[in-house]
Amino acid sequence: MLCGDVKPVSGTMEVKGAARRFASVSEAVDAGIALMPEDRKAEGLFMDYSIDWNIPSMSFKRLARFGIVSQKRVDALTDKYVAALKIKTPSTRQIVRLLSGGNQQKVVVARALAAESDILIFDEPTRGIDVGAKQEIYKLMNQLAEDGNAIIMITSDMEELLGMSDRIVVLYEGRKTGELEKNEFSQDRVLELASGIAS
Amino acid sequence: MRKATDFCQKNLAVVLLVIAGVIFSLTTANFLSVTNILNILNQNAYMLIAMCGVSLIMIGGDLDMSVGYHMSICGVLCAMMLTRTNIPIWLIVIMTILLSVALAIFTTFLTELLSIPRIFVTIGEATLFQGIAYVITNSKTVSDLPVGFKQIAQGTVLHPSLTYATLMMIVCVCVMGFVLSKTYFGRHVFAMGGNLTAARLAGINVRKMKYVIGILIGFFVGAAAVLLIGRTGAAAANTAAGVEINVLTGILLGGVSIRGGEGKLSNCVAGILLVALISNGMQLAGWNPYYQYIAKGAIMLCVLGFDMFQMRRRSILNNQRKEETARSKGNAVK
């Protein structure tokens with residue numbers, strides 16, 4: 001909904017102080033919002049394409065002059081984010097399917113950053129990746145937040161939720177049941193709200 | 001050596017085309033003459049132009065099974081306008097192409113409305129179009145097209161066998177090849193074929209893309225219809241029947257996967273020409289046309305089987321490679 005894929009039933013949304021309503025995901029991307037879907041294999045990445053295809057895949061239009069995509073700019077952009085996010089791969093021509101889960105997740109993040117998005121929606125960012133890579137993703141998210149990006153993390157992992165968040169919004173069956181500030185964080189309180197007992 | 005086999009695998013259609021060409025040039029006198037090659041290109045120009053549109057759909061991960069009768073309807077309407085009205089020829093050509101685009105937009109509209117893949121919509125439409133084509137012609141052939149119109153396809157430049165149709169085909173193929181491989185539009189088509197959901201969530205306006213692809217296929221099929229009836233000088237309801245199967249077989253031979261997301265236009269050209277050469281060869285060998293259907297069907301099934309086989313082999317290879325990298329990583333830690 002935030003990124004325009006599903007039409008909202010009610011409510012309003014403000015992006016950088018202006019009320020917005022997106023008709024499609026492409027409008028949301030233009031407004032600087034990037035979604036990193038939870039199922040990166042089915043919804044996030046182009047698994048059979050290379051890294052240097054995936055990282056610029058949200059930005060082809062921007063990388064094109066008169067409609068023609070410049071391979072030079074594609075390579076520059078890819079190299080920049082492979083280095084910045086320390087994606088481990090023998091070559092940027094490697095197809096994404098062959099990367100480890102953590103590195104695949106980094107490609108998803110790199111793609112969002114390459115599109116110059118500053119509102120980043122992480123949907124279950126650490127699902128199915130190993131402990132070391134998890135720490136790296138957390139570090140990366142903290143770094144991104146420090147750099148002035150807005151991060152919305154959607155998660156069902158309690159430790160991750162309490163450890164990473166500055167503010168928690170709990171939803172139950174599509175409706176907001178509570179909003180917690182950092183000093184109110186507790187596992188019990190979140191569970192109460194999430195199961196819809198407290199109203 | 002590995003590079004050579006890699007090349008052969010990626011450009012199978014080109015390799016097969018060269019082999020077929022060598023066989024024909026050894027067995028048939030004059031096969032390799034400029035005139036004969038230009039004739040083959042001229043005869044298949046309409047098919048290659050239609051291929052420019054169909055390959056877009058296929059790389060984008062869908063199929064169009066109504067191309068044949070879609071082309072027939074445009075052909076017969078064009079021929080009827082030419083013989084029964086006094087509208088200037090150039091206007092009729094433009095109207096034919098616009099009609100074709102309108103039909104293709106209608107198809108896209110139906111796929112969006114019913115939200116089912118284009119292949120199913122177009123299977124239904126193929127029969128619909130067939131009926132319409134027979135009704136409007138009353139199943140008679142429209143012939144005696146004006147000479148001025150036939151010149152559009154048959155006129156020649158430089159060489160007595162280098163027709164305008166061939167030139168237009170070359171222009172269309174070059175432009176589409178460039179668009180597919182170099183522009184962001186082409187990249188978006190590949191994105192849709194690679195993973196439609198991911199393409200949508202990456203901010204590609206999939207619905208708009210589908211309409212643009214629809215308009216393009218309409219344009220190419222319409223142009224192909226004009227050139228086809230211009231070359232043969234007559235149009236009937238079954239003029240272009242079965243074109244979709246030939247184009248589909250050619251494109252599959254050209255290495256486009258049935259699931260989309262892969263392919264190069266140059267290989268598709270080779271695939272179409274290969275199909276043309278095979279049917280031409282069977283005709284020269286005096287085969288009964290019914291046997292030709294059997295041969296074509298068998299080729300199509302072989303190509304589909306090969307496509308499946310390649311995908312399965314690749315996924316096994318990928319798993320092996322992944323295990324290898326995992327193992328080498330594990331060793332490094334120790």
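Model, not experiment: these values are computed from the prediction.

A. Region of the structure containing the interface of chain A and chain B. Of the residues lining the interface, 30 residues belong to chain A; the matching set on chain B comes to 25 residues. Three residues stand out in chain A for area buried against chain B, namely A:Phe46, A:Tyr49 and A:Leu98, and they jointly supply 22% of the buried area on that side. Here chain A and chain B share zero salt bridges between them. Where chain A touches chain B, the interface holds seven residue pairs in polar contact (both at pLDDT 80 or more). Broken down by element, the side of chain A that touches chain B gets its largest block of residues, four residues, from helix H2 (residues 40-44) of chain A.

B. Inspection of the nonpolar core at higher detail. A:Ile55, B:Met51 and B:Met71 are the most contacted members of the largest nonpolar core, which totals 137 residues. Considering each element in turn, this core owes the most residues, 16 residues, to helix H3 (residues 34-59) of chain B. When neighbours within four sequence positions are excluded, B:Met71 is seen to be in contact with B:Tyr46, B:Ala50, B:Val221, B:Ala224, B:Ala225, B:Leu228, B:Ala240 and B:Val243. Residues A:Val15, A:Ala28, A:Ala31 and A:Ile33 belong to the second largest nonpolar core, which totals ten residues.

C. Representation of the pattern of salt bridges. Residue and element names in this part refer to chain A. Following the criterion strictly, the structure yields twelve salt bridges over all chains and no others. For arginine 97, the salt bridge is made with aspartate 48, and the minimal N-O distance between the two is 3.0 Å. One end of the pair, arginine 97, is in the loop between helix H5 (71-84) and helix H6 (101-114); the other, aspartate 48, is in the loop between H2 and helix H3 (51-54), with 49 residues separating them in the sequence. On the basis of relative accessibility, which here comes to 33%, the residue arginine 97 falls in the partly exposed class. Salt bridges linked by common partners bring Glu38, Glu124 and Arg127 together as one network.

D. Summary view of empty space enclosed by the protein. Residues and elements named next belong to chain B. Going through the model one piece at a time under the given rule, you end up with two cavities of 30 Å³ or more. Around the largest cavity, the lining residues are Ile245, Asn246, Thr249, Val275, Ile278, Lys296 and Ile299. Only helix H12 (243-253), helix H13 (265-284) and helix H14 (289-333) provide two or more residues apiece to the lining of the largest cavity. For the lining of the largest cavity, the leading source of residues is H12, giving three residues. Class assignment of the residues belonging to the lining of the largest cavity gives a composition of four nonpolar, two polar and one charged. One number sums up the size of the second largest cavity: a volume of about 30 Å³. Lining the second largest cavity, in full, are Val54, Met58, Asp64, Met65, Val67, Glu244 and Leu248. Elements with a minimum of two residues in the lining of the second largest cavity: H3 and H12.

E. View of the domain arrangement of chain B. Residue and element names in this part refer to chain B. Along its sequence, chain B is organised into domain 1 (62-241) and domain 2 (243-313). Computed over C-alpha atoms only, the centres of domain 1 and domain 2 are separated by 20 Å. Taken together, the 15 residues of domain 1 in the interface contact twelve residues of domain 2. Surface buried jointly by domain 1 and domain 2 totals about 980 Å² across both partners, of which 75% is contributed by carbon and sulfur atoms. Counting across the domain 1 and domain 2 interface gives zero salt bridges. On inspection of domain 1 and its partner domain 2, the count reaches three residue pairs in polar contact (both at pLDDT 80 or more). Residue assignment for the side of domain 1 that touches domain 2 shows that the elements contributing at least two residues are helix H4 (67-84), helix H8 (164-182) and helix H9 (184-194). Here the residues of the side of domain 1 that touches domain 2 sort into ten nonpolar, four polar and one charged.

F. Quick look at the state of the cysteines. Residues and elements named next belong to chain B. As enumerated under the stated definition, the model contains zero disulfides over all chains in all. Cysteine 74 forms no disulfide, and the closest cysteine sulfur to it belongs to cysteine 78, at a distance of 8.8 Å. Unpaired in this structure, cysteine 172 has its nearest cysteine sulfur neighbour in cysteine 52, at a distance of 5.5 Å.

G. Region of interest: the environment of A:Lys139. Looking at the secondary structure, you find A:Lys139 in helix H7 (residues 131-146). Taking the C-alpha atoms as reference, A:Lys139 lies 9.8 Å from A:Met164; in sequence the two are 25 residues apart.

H. Looking closely at a nonpolar patch on the surface. Residues and elements named next belong to chain B. On the surface, a nonpolar cluster with roughly 680 Å² of combined accessible area is contributed by Phe106, Phe109, Leu113, Leu114, Ile116, Phe120 and Ile123. When residues of the nonpolar patch are assigned to their parent elements, the largest contribution, four residues, is made by helix H5 (residues 89-114). Topologically, phenylalanine 106 is positioned in helix H5. Judged by its relative accessible area of 38%, phenylalanine 106 falls in the partly exposed class.

I. View of helix H2 (residues 12-27) of chain B. Residues and elements named next belong to chain B. Across its 16 residues, H2 extends 23 Å between first and last C-alpha, which sits within 8% of the 22 Å expected from 1.5 Å per residue. Residues Ala13, Ala20, Gly21 and Phe24 constitute the buried set of H2. Take H2 and look down its axis: the buried residues cluster within an arc of 105°, on one side only. Opposite its buried face, H2 presents the exposed residues Val18 and Leu26, each directed more than 90 degrees away. On its buried side, H2 packs onto H12 and H13.

Rules behind the numbers
- Residues numbered from 1 in each chain as written.
- Chains lettered and ligands numbered in written order.
- Predicted model: local features only at pLDDT ≥ 70, side-chain atom pairs only at ≥ 80, totals over all residues.
- Heavy atoms only, no water.
- Contact = heavy atoms within 4.5 Å.
- Buried area = accessible area lost by both parts, 1.4 Å probe.
- Salt bridge = Lys/Arg side-chain N within 4 Å of Asp/Glu carboxyl O.
- Polar contact = N/O pair within 3.5 Å; in protein donor to acceptor, adjacent residues only side chain to side chain.
- Helix = DSSP H or I, 4+ residues; strand = E, 2+ residues; numbered from the N terminus.
- Core = buried A, V, L, I, M, F, W, Y, C linked by side-chain atoms within 4.5 Å.
- Buried < 20%, exposed > 50% of the residue type's maximum accessible area, 1.4 Å probe, protein only.
- 1 Å grid on protein atoms, 1.4 Å probe; cavity = no way out; pocket = protein on both sides within 12 Å on 5 of 7 lines; lining within 4 Å.
- Points joined across faces, edges and corners; volume = space filled by probe spheres on them.
- Nonpolar A, V, L, I, M, F, W, Y, C, P; charged D, E, K, R; others polar.
- Domains from an automatic or database assignment.
- Disulfide = S-S within 2.5 Å.
- Patch = residues over 30% accessible without salt bridge, like charges linked within 9 Å, V, L, I, M, F, W, Y side chains within 5 Å.
- Areas by Shrake-Rupley, 256 points an atom, 1.4 Å probe, with all protein chains shown as cover.
- Expected span 1.5 Å × (residues − 1).
- Arc of directions from axis to C-beta.

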